[in-house]
Amino acid sequence: MRVLADRIRGVERRVRYLGLGLVVLAAGFLLTGRWQLALGVAVGALLGWVLTDPVRITWAVFVIAFAVPVTIDVGYPTNPSYALLLVLFLLAAWGRVLRAERDGWPPKALAAALLLPACAVLAGLVHWHGVKPIAVGVAPLLCFGVLAWHLAEEARHDRRTVRRIAEALTWFSVAVAVFAKYQTASRSWPIFDQFAYDWTYTSAFDATRAVGLSGHPIIYGTFAMAMVLVALTLRGRFWYVPVTANLVGLVLSGTRSAWVGTVLALGVWLFLQWRKVSWRGLGATAAVAAVTFTLVAVNPPALRPDTTTAAPTPSPAAPAASSAAPAPESPAATLSPAAPSPATPSPAAPAPPAASSLPPEPGAPTPAAPTASAVDSVDVAGSRISDPASADARFTRMSVVWDGITSDWSTVVFGNGPEANVRFLENVGIGDGQAQVFDNTYLTFWYNFGLIGLACLLALLVLLYRHLRSLPARLLLVGFAAQIFFFDVWLWLGAVAVLLLAVALGAADNPSLSARSLPVPRRRQPGAHPAAGPRQPAAGAAAGSGSAPALPGPRPRWPAGRCR
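Residues numbered from 1 in each chain as written. Predicted model: local features only at pLDDT ≥ 70, side-chain atom pairs only at ≥ 80, totals over all residues. Heavy atoms only, no water.

Per the secondary structure count, the protein chain includes 22 helices and zero strands. Counting over 564 residues, the protein chain shows a buried share of 47%. For the protein chain, the proportion of contacts with a sequence separation of at least 24, taken over those separated by at least 6, is 79%. Carbon and sulfur atoms make up 67% of the accessible area of the protein chain, which totals about 27,900 Å². (Helix = DSSP H or I, 4+ residues; strand = E, 2+ residues; numbered from the N terminus. Buried < 20%, exposed > 50% of the residue type's maximum accessible area, 1.4 Å probe, protein only. Contact = heavy atoms within 4.5 Å. Areas by Shrake-Rupley, 256 points an atom, 1.4 Å probe, with all protein chains shown as cover.)

Another aspect to go through is the packing of helix H11 (residues 217-234) against helix H20 (residues 471-483). With their axes 9 Å apart at the nearest point, H11 and H20 run at an angle of 155° to one another. Of the possible angle classes, the one that applies to H11 and H20 is roughly antiparallel. Remark: the crossing between H11 and H20 carries right-handed chirality. Residue-level inspection shows Ile218, Thr222, Met225, Ala226, Leu229, Val230, Thr233 and Leu234 of H11 in contact with H20, the latter providing Leu471, Pro472, Leu475, Leu476, Gly479, Phe480 and Gln483. (Axes fitted to C-alpha atoms, helices over the stretch in contact; angles between N-to-C directions. Parallel < 35°, antiparallel > 145°, perpendicular 65-115°, else oblique. Left-handed = near helix turned anticlockwise from the far one by under 90°.)

Phi is positive for Arg235, which is not a glycine, with a value near 55°. Here Arg235 is to be found in the loop between H11 and helix H12 (240-253). Phi at Asp439 takes a positive value of approximately 60°, unusual for a residue other than glycine. Mapped onto the elements, Asp439 comes out in the loop between helix H18 (420-427) and helix H19 (441-467).

Let us look at the packing of helix H9 (residues 159-186) against H11. One way to put it is that H9 packs onto H11 with a least axis distance of 9 Å and a crossing angle of 130°. Compared by their axis directions, H9 and H11 come out oblique. In this structure, H9 crosses over H11, and the sense of that crossing is left-handed. Of the residues in H11, those in contact with Arg163, Ala166, Glu167, Leu169, Thr170, Phe172, Ser173, Val176, Ala177 and Ala180 of H9 are Tyr220, Phe223, Met227, Val230, Ala231 and Leu234. Taken together, the residues of the contact of H9 with H11 sort by class into 12 nonpolar, two polar and two charged. (Nonpolar A, V, L, I, M, F, W, Y, C, P; charged D, E, K, R; others polar.)

Right, let's talk about the packing of aromatic side chains for a bit. By the definition in use, this model includes 17 aromatic pairs. Among the aromatic side chains, those forming a connected cluster through ring pairs are Phe62, Phe66, Phe172 and Phe223. Over the ring of Trp149 we find Arg96; its NZ or CZ atom is 6.0 Å from the centre of that ring. (Phe/Tyr/Trp six-rings, centres within 6.5 Å; stacked < 30°, edge-to-face > 60°. Lys NZ or Arg CZ within 6 Å of the ring centre and 35° of its normal.)

A residue-level look at the protein chain finds 72% of positions with pLDDT of 70 or above and a mean pLDDT of 75. Low confidence marks residues 328-373, where pLDDT is under 50. Its contacts with residues over four positions away, or in another chain, come to 130 contacts. Below a pLDDT of 50 lies the segment residues 514-524, which in the model reaches 14 contacts outside its immediate sequence neighbourhood of four places, other chains included. (pLDDT = per-residue confidence, 0-100.)

Position of Thr208 among the secondary structure elements: in the loop between helix H10 (192-195) and H11. Residue class for Thr208 comes out buried when judged on its relative accessible area of 8%. Separated by 2.6 Å, the side chains of Thr208 and Asp206 make a polar contact. (Polar contact = N/O pair within 3.5 Å; in protein donor to acceptor, adjacent residues only side chain to side chain.)

What follows deals with helix H8 (residues 131-157). Taking 1.5 Å of rise per residue, the 27 residues of H8 would be expected to cover 39 Å, and the 38 Å separating its terminal C-alpha atoms lies within 8% of that figure. The largest bend along H8 reaches roughly 30° and is located at Ala139, with the proline Pro140 sitting one to four residues downstream. Taking burial as the measure, the 27 residues of H8 include 20 buried ones, the bulk of the element. (Expected span 1.5 Å × (residues − 1). Bend = angle between axes of the 7 residues up to and from the residue.)

It is worth spelling out the nonpolar core at this point. Generally speaking, a soluble globular protein has its nonpolar side chains buried in company with each other. Of all hydrophobic cores here, the largest spans 112 residues; its most connected members are Phe62, Leu88, Leu476, Val489, Trp490, Leu501 and Leu505. Looking at which element gives the most residues to this core, the answer is helix H21 (residues 493-508), with 14 residues. Not counting chain neighbours up to four residues away, the residues in contact with Leu501 comprise Phe62, Ala166, Leu169, Met227, Val230 and Leu476. Counting five residues, the second largest nonpolar core, distinct from the first, contains Ile72, Phe179, Trp189 and Val211. (Core = buried A, V, L, I, M, F, W, Y, C linked by side-chain atoms within 4.5 Å.)

Of note, Cys456 is situated in helix H19. Note: C-alpha distance between Cys456 and Ala118 (338 residues apart in sequence) is 10.0 Å.

What follows is about helix H5 (residues 80-98). The end-to-end C-alpha separation of H5 is 27 Å, in line with the 27 Å expected for 19 residues at 1.5 Å each. Of all the residues in H5, the buried ones are Pro80, Ser81, Tyr82, Ala83, Leu84, Leu85, Leu88, Leu91, Ala92, Gly95 and Arg96. For H5, the N-terminal capping position is held by Asn79, with its side-chain oxygen 3.0 Å away from the main-chain nitrogen of Ser81.

Below, the discussion takes up the pattern of salt bridges. Per the stated rule, a full pass over the model turns up two salt bridges. Taking the shortest distance from any N to any O, the salt bridge between Glu154 and Arg96 comes out at 2.8 Å. Of the two residues, Glu154 is situated in helix H8 and Arg96 in helix H5; the sequence distance between them amounts to 58 residues. Here Glu154 and Arg96 have matching classes, each one buried. A salt bridge links Arg156 to Glu153, with the nearest nitrogen and oxygen atoms 3.3 Å apart. With Arg156 and Glu153 both in helix H8 and three residues apart, this pair spans about one turn of that helix. Classification of Glu153 by relative accessible area gives buried; the value is 1%. (Salt bridge = Lys/Arg side-chain N within 4 Å of Asp/Glu carboxyl O.)

Written as structure tokens, this is what we have:
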């Protein structure tokens, strides 16, 4: 308490008065029942505090990206993904302004940040559909480019902060995994069932899969995959706890794309670390696998669903989705709410209107009362592997996207223009009753921005892997690059944050990512004494005396017998 009091007294008087005024204002709103305004005051004060320090900005970027779900609308002025992405962009841009005097504007970082937006602008100019599609298509790419630039620069200058954030996220993920276990055992999604803006983001859609804090099983699976890889490679204290917890969450999410990404990343890890394989490591692996299987299979009786009440159906209706915003999946009309989803939702275009050739989107079903027996999570995970419906849906989408790509030489090279996938899904659609998305980031990028855009995206991933010497960063890149083959990623902040975390961890171990090199401080050698060697006049003293400053020369050699 004394330390806290000293810190408060150390703050400027006007800042204390401002903070006291904001507290009084928020309390006044609460007393009058205007909790939304009180929340706005609190969030504004918190953002103002964050914006005063670039280190706080770095923390805030990852907290917002990983912990704030885009499936809940608390009254944002636009779609939640765009609103939160704008907040992250402003944080990163202001962080660069605060560091401008120290870092300058490195050309390599600027080129990397503007590469993909430039491809989007080129495709929009070749296939012109107005200014709005270009702006909507370029905005997410530009925001993520600036975010990556900011995080790379901060990590390059402050390696400890980035590693501290990564370790904190691994322990935060343990609590999220406990929440995920509760979701599947109770067959309910607390908070999301009450506040999700569409029924497909609630347990009424598929209560057998965990969503963590993301509101979507695919995005939670991505988060669990990233935390497994980070905890395994950073090896902090008790690292096996977050590894085991996130393996449990990864299985409970039922996200096969994250399973594929995890397996490939672990394969790369074994290839790079095969000389360090030992019997002790194999025993630890077997123990982690056994504990993971036990935690997945066991369902405590206290968490079993209540048979007297039905699962809640969210009351808010889905707002009008903007183009390219994350949209809920349009499941088949025969889909049971308790059965595993045959197709994986992805953030892409909204569902086509009823006037199109597709059947209208089904309304929110009334879920049946849960049975007394708990869900067998092992059987659910096995059914996710053996169910071919999602794979068939993706093959159908690949065929549709390929036809659109190869319709003309200009579409092969330059694509169909920004937001072309949205226009296709709104006006034509895919008539299989599944999600109205392409579910493949690479093909969607090629469809919109052409072979030039796809080549730039692949080159950017390859160059990042080549220049990032950090093992955690490389494994995150492998997992991310594999997973986005199965869904559209750009407007899911929690998924793209995995790529941003890889960039930050890699930049922390590789200062050459930016053009300007770090100044190397001259350390004072042990045993040195000011009297040793000839004394050089200080710059200030030379200037004050009117004499010319000493010219730089070779450093004096240490006398024989002296310790370096």
